[in-house]
Amino acid sequence: MKAIVVNENGGPEKVTLAEIDAPEPGAEQLQVAVATAGVNYLDIYQRQGAAPAPFVGGVEGVGRVTKVGSGVDANLVGRRVGWLGALGSFAETVVLDEAKAVAIPDDVTNDDAVALLMQGITAHYLATSAFAVGKDSTVLVHAAAGGVGRLLTQIAHHLGATVIATASTEEKRNIALEAGADHAIGYDGFADAVQQITDGHGVDVVYDGIGRDTVEEGLKSLAVRGTLVVIGAASGPPPAIEFSALAAKSLSVIRPSVAHFTARPGELSWRAEEVFGWAREGVISTAIAGRYSLEDTAKAQQDLTSRSLAGKLLIDVAPISEG
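Residues numbered from 1 in each chain as written. Predicted model: local features only at pLDDT ≥ 70, side-chain atom pairs only at ≥ 80, totals over all residues. Heavy atoms only, no water.

Moving on, we come to the environment of Ile 4. Structurally, the position occupied by Ile 4 is in strand β1 (residues 2–6). Sequence-wise, Ile 4 and Glu 295 are 291 residues apart; in three dimensions their C-alpha atoms are separated by 7.9 Å. What Ile 4 contacts, discounting residues up to four positions off in sequence, is Val 15, Thr 16, Leu 17, Phe 55, Val 56, Gly 57, Phe 90, Leu 294 and Thr 297. (Helix = DSSP H or I, 4+ residues; strand = E, 2+ residues; numbered from the N terminus. Contact = heavy atoms within 4.5 Å.)

Here is the structure:
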């Protein structure tokens, strides 16, 4: 089968297309023919060293079950499933644990499924579990025109929060406003802007996927007993935070992971069902910013890190019927 193999950790030049043997499912596992895979920052972190090379890249996708291992209901063969935590997804065939598979409803397209799994479920746990957003909350969402940021803005708006969004350009700030943000600002001096918007009170939570360039100013944006939720490092690893910087306003900092917030029995399916339900109701919507062939996976990763595109990037692996 064709697959994207990272033989050495490093830059996008380490992403190569290769012919390898298709993996076989073990106990409690599914073998899936991949239709569409999603491109995520996790792919970048793994390529750079978070996953030791060699490995087949990609962690998210949708496809149809072709074979099952022992302990798995054989009736799952032929079913359409999605996943967000199975390394090896940039390939024609992937093997994943049954517990990591999500049944895709007939009325959800492959594109929407991929756009709603990693990013939608991440936005879900951020707004419901990492910090419980409510109608009295004021939140700051960085990169609010991006994949997670846009969905998080929509969800926070739906939950009744006042949303302050940051984005790098006027075009992206307009996207954030259309997604439900009450205010959209640039990054320069955003802490001062937040204080002005909130009459000096600050925000209850900052969602930060930027990292190095924004964390310190994000702390200054928080209200007393506010929470900084660091969800990524697009600009580089964030600086160390001294406890004394938190004590002045009794601040909290959390660095959550989607793997941990979908690990409890039934948690992944619950979050997926709620996200799909919100999509049906029009609470959230997807935006596909780019499509690539398997051969162009390196280009897709470069485009993702350029932060020039607003929306989900997809890898078209092989067509399958939907429904």
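Here the narrative resumes, following the displayed structure.
On to the pattern of salt bridges. Side chains that differ in sign of charge can pair as their charged atoms come close. Scanning the model with the defined rule gives 11 salt bridges in all. Note that Lys 312 and Glu 60 form a salt bridge whose closest N and O atoms lie 2.8 Å from each other. One end of the pair, Lys 312, is in strand β16 (residues 312–316); the other, Glu 60, is in the loop between β4 (55–56) and β5 (61–68), and 252 residues separate them in sequence. This pair shows no difference in class: Lys 312 is buried, exactly as Glu 60 is. In this structure, Asp 303 and Lys 299 form a salt bridge, with 2.8 Å as the shortest nitrogen-oxygen distance. In this pair, Asp 303 and Lys 299 are both assigned in helix α9 (residues 297–306), four residues apart and thus about one turn of the helix distant. Asp 303 sits in the buried class, given a relative accessible area of 16%. For Lys 299, a relative accessible area of 42% gives the class partly exposed. Residues joined in a network through salt bridges with shared partners are Asp 111, Arg 291 and Asp 316. (Salt bridge = Lys/Arg side-chain N within 4 Å of Asp/Glu carboxyl O. Buried < 20%, exposed > 50% of the residue type's maximum accessible area, 1.4 Å probe, protein only.)

This paragraph deals with the side chain of Asp 43. In this structure, Asp 43 sits in helix α1 (residues 41–50). Of the buried charged residues, Asp 43 lacks a salt bridge, with Lys 312 as the closest side chain of opposite charge at 7.1 Å. Once you skip the residues sitting within four places of it in the chain, Asp 43 turns out to touch Gly 38, Gly 58, Val 59, Phe 90 and Gln 301. (Lys, Arg positive; Asp, Glu negative; His and termini not counted.)

Residues in a regular strand project their side chains so that they alternate between the two faces of the sheet. Of all five residues in strand β7 (residues 93–97), four are buried, a share of seventy percent or more. As defined by bridge partners, strand β3 (residues 29–38) adjoins β7 across five bridges and the pair is classed as antiparallel. Within the sheet, the bridge partner assigned to Gln 29 lies in β7 and is Asp 97. (Pairing = 2+ DSSP bridges.)

Right, let's talk about the layout of surface pockets for a bit. To find the voids left in a structure, one rolls a probe of water-molecule size over its atoms. By volume, the second largest pocket amounts to about 280 Å³. Together, 17 residues line the second largest pocket, and Leu 76, Val 81, Ala 101, Val 102 and Ala 103 are the ones closest to its centre. Listed by contribution, the elements that provide at least two residues to the lining of the second largest pocket are β5, β6 (80–83), β8 (101–103) and α8 (267–281). Of the residues forming the lining of the second largest pocket, the biggest block, three residues, is contributed by β8. Tallied by class, the residues present in the lining of the second largest pocket amount to 10 nonpolar, two polar and five charged. (1 Å grid on protein atoms, 1.4 Å probe; cavity = no way out; pocket = protein on both sides within 12 Å on 5 of 7 lines; lining within 4 Å. Points joined across faces, edges and corners; volume = space filled by probe spheres on them. Nonpolar A, V, L, I, M, F, W, Y, C, P; charged D, E, K, R; others polar.)

Here the focus is the packing of helix α2 (residues 110–130) against α8. Contact pair α2 / α8: the axes reach a minimum separation of 9 Å and the direction vectors enclose 105°. When the axis of α2 is compared with that of α8, the two are roughly perpendicular. Residue-level inspection shows Ala 113, Leu 116, Leu 117, Gly 120, Ile 121, His 124, Tyr 125, Thr 128 and Ser 129 of α2 in contact with α8, the latter providing Leu 268, Trp 270, Arg 271, Ala 272, Glu 274, Val 275, Phe 276, Trp 278 and Ala 279. Class assignment of the residues belonging to the contact of α2 with α8 gives a composition of 12 nonpolar, four polar and two charged. (Axes fitted to C-alpha atoms, helices over the stretch in contact; angles between N-to-C directions. Parallel < 35°, antiparallel > 145°, perpendicular 65-115°, else oblique.)

Ordered by their spatial adjacency, three strands build an open sheet running β2-β1-β4, and the pairing between neighbours is antiparallel. Edge positions in the sheet fall to β2 (15–19) and β4, since each has one partner strand and no second. Inspection of the sheet shows β1 paired to β4 by two bridges, in the antiparallel sense. Its bridge partner being in β4, Val 5 is matched across the sheet by Val 56.

A few words now on the nonpolar core. Within the largest apolar cluster, 44 residues are counted, with the highest numbers of intra-cluster contacts made by Ile 121, Val 133, Val 139, Tyr 207, Phe 276 and Ile 284. For this core, the secondary structure elements donating two or more residues are α2, β9 (138–141), α3 (147–158), β10 (162–166), β12 (203–208) and α8. It is α2 that contributes the most residues to this core, 11 residues altogether. With residues near it in sequence (within four places) discarded, Ile 121 still touches Leu 84, Leu 116, Val 258, Thr 262, Leu 268, Arg 271, Ala 272 and Val 275. The next biggest cluster of nonpolar side chains, apart from the first, holds 29 residues, and it includes Val 6, Ala 86, Ala 300 and Leu 313. (Core = buried A, V, L, I, M, F, W, Y, C linked by side-chain atoms within 4.5 Å.)

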